[in-house]
2 protein chains.
Amino acid sequence: MGGDFAPDEIVRGARQAEAEGVEVLLFGDPAQVAATDLKLVPTTEVIAMHEDPGPAVRKKKDASVARAAQAVKNGQASAMVSAGNTGAAMASSVLRMGRLSKVARPAIAIPFPIEGREQPNLLLDCGANAECQPFWLLQFACMGAVHVRDRFGVKTPKIGLLSIGEEASKGSTLVKEAHALMSEPGWQERVDCSFIGNVEGRDLLETTADVIVTDGFTGNVMLKTAEGVASKLVEAVMAAFDSSDECRQAADVLLPALQPLYDAWNPDNTGGGALLGVAGISVISHGSSNAAAIKTAICMAQELVERQTILHLEKALAALNS
Amino acid sequence: MGGDFAPDEIVRGARQAEAEGVEVLLFGDPAQVAATDLKLVPTTEVIAMHEDPGPAVRKKKDASVARAAQAVKNGQASAMVSAGNTGAAMASSVLRMGRLSKVARPAIAIPFPIEGREQPNLLLDCGANAECQPFWLLQFACMGAVHVRDRFGVKTPKIGLLSIGEEASKGSTLVKEAHALMSEPGWQERVDCSFIGNVEGRDLLETTADVIVTDGFTGNVMLKTAEGVASKLVEAVMAAFDSSDECRQAADVLLPALQPLYDAWNPDNTGGGALLGVAGISVISHGSSNAAAIKTAICMAQELVERQTILHLEKALAALNS
C-alpha cells in the first residue's frame with residue numbers, strides 16, 4: 001500500500017517477480033489490490049508518506065507495512081520489501097523483527113552507481129540515525145562489508161569513513177573517534193574488509209571505497225544532494241535536447257550512447273536500499289518505484305535470502321566484538 | 001602563489017581585472033611572478049595545498065596569503081583574493097584581520113548555480129567549522145542574508161536550515177536547537193530576511209531558499225558531493241558525445257544549446273566563495289581557478305567593497321543581538 005504508485009505498480013512488480021520464480025505475498029486492502037492471481041494477506045490500515053513513523057506504527061497495528069514485518073518475524077515470509085514511508089518501514093522492521101544480537105542501531109544502506117563498473121558503492125547510514133556514537137559507525141562498517149559481499153560479490157570490501165579531509169585529524173569529534181576505533185587492529189581481518197581511512201563527498205561516485213560510512217544526518221543530506229544534482233543536470237540536458245527540431249534530431253543520434261548512463265542511474269535497476277541490523281531482510285525501495293523497480297527489489301531480497309546474509313551479518317557482528 | 005595554476009593564471013587574471021578598472025596588488029615571489037606591469041609586494045614563503053593551515057600560517061609569516069591578509073588589516077588593500085590552500089586563506093584572514101564584533105566563528109559561503117536564474121543559492125558553512133553551536137548557525141544565517149543581498153541583490157533573502165525532513169522535529173540536536181533559535185520573533189525583521197524552516201539536500205539547486213545554513217562538516221560534504229556528482233555526470237555525457245563519428249557530429253549541433261548549462265556550472269563565472277565574519281573582505285577561489293575565474297573573483301571583491309558589505313555585516317550582526 002506504500003509508495004507513490006501503490007498499489008498498482010507494486011502488484012505489477014510482484015507479478016513480474018513471480019514470473020522470475022520468486023514466491024510473493026502481498027499485504028494490503030483487498031478492495032484496492034485487485035490481484036486474484038497473487039497471494040494477498042488482507043490489511044485494513046495504511047501509513048501515509050507524511051505520517052510520523054514511530055507513533056503511526058505503534059497505533060496502526062494492521063498497517064500493511066507492519067503486517068509484512070510481522071510476517072518476517074513469524075517465518076511466514078523470508079524478507080520484506082516496502083516502497084512506502086521509509087521511517088514506517090524502518091520502525092516496523094525494528095519493532096516487529098527486533099535487532100540482530102549486539103547491534104546498537106540499524107542503518108539504511110543505499111547503493112550509488114559507478115560509471116563503467118557493475119558494482120555500485122554503498123553509503124550508510126542514509127537516515128536511520130540523525131546522531132551516532134563512534135561504535136555505531138564501526139558496526140555500520142561491518143554490516144556494510146557483509147552487505148556488499150553478499151549483494152555485489154566484493155570479497156574484501158574497502159571501507160571509507162566520510163570526513164572533510166583525508167587526514168585522521170580532520171572532521172568532527174564523532175569522525176575522529178570513529179577513525180581511531182576503525183584503525184584498531186584485528187577487526188578488519190575478522191570481518192574480512194579493509195579500512196582505507198577518511199574519504200570525502202566526492203568519493204561517493206569514485207572507486208576509492210566500496211562502502212562509505214557516516215552518520216544518518218550526513219548520509220541523508222549526501223543522498224538527497226546527489227539525487228538533486230543528478231536530476232537537475234539531467235533535466236537541463238534534456239531541455240537542451242528538446243530546444244529545437246535540429247536538437248531533437250541530434251538527440252536521437254546520441255540517446256543510444258547515453259543509454260548506459262541512464263540505466264546506471266535508473267532506480268529501477270538498483271533494487272533500492274536495505275535496512276541493515278534488524279533480525280530479518282528488509283528492503284527499502286524508493287517512493288517513486290514503478291513495477292520494474294519493485295521487481296528488482298523483490299529479486300534482490302530473494303538473493304539475500306539465498307545467500308544467507310542474516311547469518312553472515314550475525315557472524316560478522318559477533319566477530320567484530322570478539 | 002596559491003592555486004593549481006599559480007602564479008601564471010593568477011597574474012593573467014589580475015591583469016584582466018586591472019583592464020576592468022580594478023587596482024590590483026599582487027603578493028608573491030618576484031622570481032616567479034614576472035609581471036612588471038603590475039604592482040607586486042615581494043614575499044618569500046608559500047603555503048602548499050597539503051600543509052596544515054594553522055601551524056603553517058603561524059610559522060610562515062612571509063607567506064603570500066598571510067601578507068595579503070595583513071595588507072587588508074593595514075588598509076593597504078581593501079579586500080583579498082586567494083586560490084590557494086583554503087584553510088590557510090581562512091587562518092590568515094582570521095589571524096591577521098580578526099573577527100567582526102560579536103562573531104563567534106567565520107564561515108565559508110559558496111554559491112551554487114540555479115538553472116534559468118541569474119542569482120545562485122548560497123550555502124554556508126562549507127568547511128570552516130566541523131562542529132558548530134546553534135547560535136553560530138543563526139549568525140551564519142544573518143551573514144548569509146547580508147552577503148546575498150550585497151552580492152546578488154536579493155532584498156529579503158529566504159533562509160533555510162539544512163536538515164533531513166521539513167518538520168521542526170527532524171534532524172540532529174544541533175539542528176533542532178538552531179531551528180528553535182531561528183524561529184524566535186524579531187531577528188528576521190531586524191536583519192531583513194525570512195526564515196522558511198528546514199530544507200533538505202535536494203533544495204541545494206532549487207529556489208526553495210536563497211541561503212542554506214548548516215555546520216561546516218555537513219556543508220563541506222554537500223559541496224564535495226555536488227561537485228563530484230556534477231563532474232561524473234558531465235564526464236559520462238562527454239564520453240558518450242565522443243563515442244563515435246556520428247555522435248561527435250550530433251554533439252556539435254547540441255553543444256550550443258548546452259552552453260548556458262556549461263556557463264552556469266563553470267566556476268570561472270561564479271567568483272568563488274567568501275569567508276564571512278572576518279573584519280575584511282576575503283574571497284576564496286577554487287584551487288583550479290584559471291585567469292577568468294581569478295578576474296571574476298577580483299571583480300566580485302571590488303563590488304563587495306563598493307557596496308560596503310563589511311558595514312552591512314556589522315550592522316546586521318549588531319541588530320541580531322539587540
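The structure presented is a predicted model; accordingly, all values stated were derived computationally and were not measured. Along each chain, residues carry numbers from 1 onward, in the same order as the chain's sequence is written. The naming scheme follows written order: chains are lettered A onward, ligands numbered 1 onward. Only residues with pLDDT of at least 70 are given local features in this predicted model, and only at 80 or more are side-chain atom pairs given and counted; all residues enter the totals for whole chains, interfaces and linings. In computing side-chain properties, one takes all heavy atoms of the structure into account and sets aside hydrogens as well as water.

1. A look at the overall build of chain A
Operational definition: Per the convention used, a helix needs a DSSP run of H or I reaching at least four residues, while a strand needs a run of E reaching at least two, with both numbered from the N terminus. Here the globule rule is a power law, 2.2 Å times the number of residues to the power 0.38, and the radius of gyration is based on C-alpha atoms. Note on contacts: a residue pair qualifies if any of its non-hydrogen atoms lie within 4.5 Å across the two residues.
A tally of helices and strands in chain A yields 11 helices and 10 strands. Over its C-alpha atoms chain A spans a radius of gyration of 20 Å, differing by no more than 12% from the 20 Å that the globule rule assigns to 322 residues. Considering only C-alpha atoms, chain A reaches an extent of 60 × 55 × 35 Å along its principal axes. In chain A, once contacts between residues fewer than 6 apart in sequence are set aside, the share between residues at least 24 apart is 67%.

2. Quick look at the pairing of strand 9 (residues 273-276) of chain A
Side-chain direction in a regular strand flips from residue to residue, so the side chains alternate between the two faces of the sheet. Residues and elements named next belong to chain A. As a reminder, the rule being used: Only protein chains enter the accessibility calculation, which uses a 1.4 Å probe; a residue is then buried when its area is under 20% of its type maximum, exposed when over 50%, and partly exposed in between. Pairs of strands are assigned from DSSP output, requiring at least two bridges between the strands.
Both faces of strand 9 are covered, namely the face carrying Gly273 and Leu275 and the face carrying Ala274 and Leu276. Note: strand 9 against strand 10 (residues 281-284), 2 bridges, orientation antiparallel. Each bridged residue has a counterpart across the sheet, and for Gly273 the counterpart in strand 10 is Ile284. Between strand 9 and the antiparallel strand that follows it, strand 10, lie 4 residues; Gly277 among them carries a positive phi value of about 115°.

3. Structural notes on the sheet that holds strand 10 (residues 281-284) of chain B
Residue and element names in this part refer to chain B. We count it as follows: Axis definition: a line fitted to C-alpha atoms, over the contacting stretch in the case of helices. Angles run 0 to 180 degrees between N-to-C directions.
Within the open sheet, the 8 strands sit side by side as 3-10-9-4-5-8-6-7. Their pairing is mixed. With partners counted over all chains shown, the strands left at the sheet margins are strand 3 (79-82) and strand 7 (194-199), one partner each. Here the strands of the sheet are splayed against their neighbours by 25° on average, with no regard to which way each runs. Packing of helix 6 (residues 173-182) onto the sheet brings it into contact with strand 6 (158-162) and strand 7, and relative to strand 6 it is tilted by some 160°.

4. Focus: the interface of chain B and chain A
Rules: By buried area we mean the combined loss of accessible area, with a 1.4 Å probe, across both parts when two parts are placed together. Any carboxyl oxygen of Asp or Glu that lies within 4 Å of a side-chain nitrogen of Lys or Arg is treated as forming a salt bridge with it.
Counting from both sides, the interface comprises 47 residues of chain B and, opposite them, 47 residues of chain A. Note on chain B versus chain A: buried area summed over both sides is about 4200 Å², and carbon and sulfur give 76% of it. Summed over the shared surface of chain B and chain A, the result is 4 salt bridges. Note that Glu206(A) is salt-bridged to Lys232(B), the shortest N-O span being 3.5 Å.

5. With respect to the environment of Met97(B)
All names here are of chain B. By the secondary structure assignment, Met97 is in helix 4 (residues 86-97). We classify Met97 as buried; its relative accessible area is 3%. Here the alpha-carbon distance between Met97 and Cys299, two residues 202 residues apart in the chain, equals 21 Å. In this structure, Met97 is in contact with Ala69, Val72, Lys73, Met80, Ser92, Val278, Ala279, Gly280, Ile281 and Ser282, ignoring residues within four places of it in sequence.

6. Quick word on the confidence of the model for chain A
Rule in force here: On a range of 0 to 100, pLDDT expresses the predictor's confidence in each residue.
Confidence in the prediction of chain A, expressed as mean pLDDT, is 94, and 100% of residues score 70 or more. If you check the scores for this complex, the pTM reads 0.95 and the ipTM reads 0.94.

7. A short note on the sheet that holds strand 3 (residues 79-82) of chain A
By definition, the strands of a sheet pair up through backbone hydrogen bonds, in either a parallel or an antiparallel sense. Residue and element names in this part refer to chain A. Within the open sheet, the 8 strands sit side by side as 3-10-9-4-5-8-6-7. Their pairing is mixed. Only two strands of the sheet have a single partner each, and these edge strands are strand 3 and strand 7 (194-199). Taking the axes of each pair of neighbouring strands and ignoring which way they run, one obtains an average angle of 25° across the sheet. The strands touched by helix 10 (residues 291-306) are strand 3, strand 9 and strand 10; relative to strand 10, the strand with the most contacts, the crossing angle is about 155°.

8. Observations regarding the domain arrangement of chain A
All names here are of chain A. Here is the rule: As used throughout, domain bounds are those supplied by an automatic or database domain assignment.
In terms of domains, chain A is made up of domain 1 (8-103 + 277-314) and domain 2 (110-269). The distance between the C-alpha centroids of domain 1 and domain 2 comes to 24 Å. With 15 residues of domain 1 in contact, the opposing surface of domain 2 contributes 11 residues. Interface area, domain 1 with domain 2, both sides summed: about 1200 Å², of which 57% is carbon and sulfur. Counting across the interface, domain 1 meets domain 2 through 0 salt bridges.

9. Looking at the relation of the copies chain B and chain A
For clarity, the threshold we go by: Superposing the copies works by least squares over the C-alpha atoms of residues that have pLDDT at least 70 in both of them.
Placing chain B over chain A gives an RMSD of 0.0 Å and needs a rotation angle of 180°, together with 0.0 Å of translation along the axis. Within this description, the copies of the chain are treated as partners about a two-fold rotation axis. Identified as the residue of chain B closest to the rotation axis by C-alpha distance is Ala250(B), at 2.3 Å. Both copies present the same face, since 100% of the interface residues in chain B are matched by interface residues at the equivalent positions in chain A.

10. Topic: a nonpolar patch on the surface
Residues and elements named next belong to chain A. Going by this rule: Exposure above 30% relative accessible area and the lack of any salt bridge qualify a residue for a patch; like charges then connect within 9 Å, and the nonpolar side chains Val, Leu, Ile, Met, Phe, Trp and Tyr within 5 Å. Per-residue and other accessible areas were derived by the Shrake-Rupley procedure at a 1.4 Å probe size, with only the shown protein chains allowed to occlude residues.
A cluster of nonpolar side chains, contributed by Val234, Met238 and Leu255, occupies part of the molecular surface with about 220 Å² of accessible area. Assignment of secondary structure puts Leu255 in helix 9 (residues 245-265). The exposure class assigned to Leu255 is partly exposed, which follows from its relative accessible area of 33%.

11. A few points about the pattern of salt bridges
Under the defined criterion, the tally for this structure stands at 34 salt bridges over all chains. Residues Glu20(A) and Lys295(A) are paired through a salt bridge, measuring 3.7 Å at the closest nitrogen-oxygen approach. On the criterion of sequence distance, the pair formed by Glu20(A) in the loop between helix 1 (8-19) and strand 1 (25-28) and Lys295(A) in helix 10 is long-range, its members being 275 residues apart. Notably, a salt bridge pairs Glu235(B) with Lys232(B), separated by 3.5 Å at the nearest N-O pair. Linking Glu235(B) with Lys232(B), this pair stays in helix 8 (residues 216-241), spanning 3 residues, or about one helical turn.

12. With respect to the state of the cysteines
Simply put, the disulfide is a covalent bond whose two ends are the sulfur atoms of two cysteines. Residue and element names in this part refer to chain A. To keep it simple, the criterion reads: What counts as a disulfide here is a pair of cysteine sulfur atoms lying within 2.5 Å.
One pass over the structure, following the stated rule, counts 0 disulfides over all chains. Here Cys126 stays unpaired: no disulfide links it, and the sulfur of Cys132, its closest cysteine neighbor, is 11 Å away. Assessed through its relative accessible area of 3%, Cys126 is described here as buried.

13. Here's the deal with unusual backbone geometry
In the segment running from Leu124(A) into Asp125(A), the intervening peptide bond is cis, with an omega of 5°. Looking at the element boundaries, Asp125(A) is found in the loop between strand 5 (117-124) and helix 5 (134-152). Between Ala6(B) and the following residue, Pro7(B), the backbone shows a cis peptide bond with an omega angle of -5°. Among the secondary structure elements, Pro7(B) is positioned in the segment before helix 1 (8-19). The backbone of Gln308(A) sits at a positive phi, close to 55°, despite the residue not being glycine. Its location among the elements puts Gln308(A) in the loop between helix 10 and helix 11 (309-320). Even without a glycine there, the phi angle at Asp192(B) is positive, about 65°. When you line up the elements, Asp192(B) lands in the loop between helix 7 (187-191) and strand 7.

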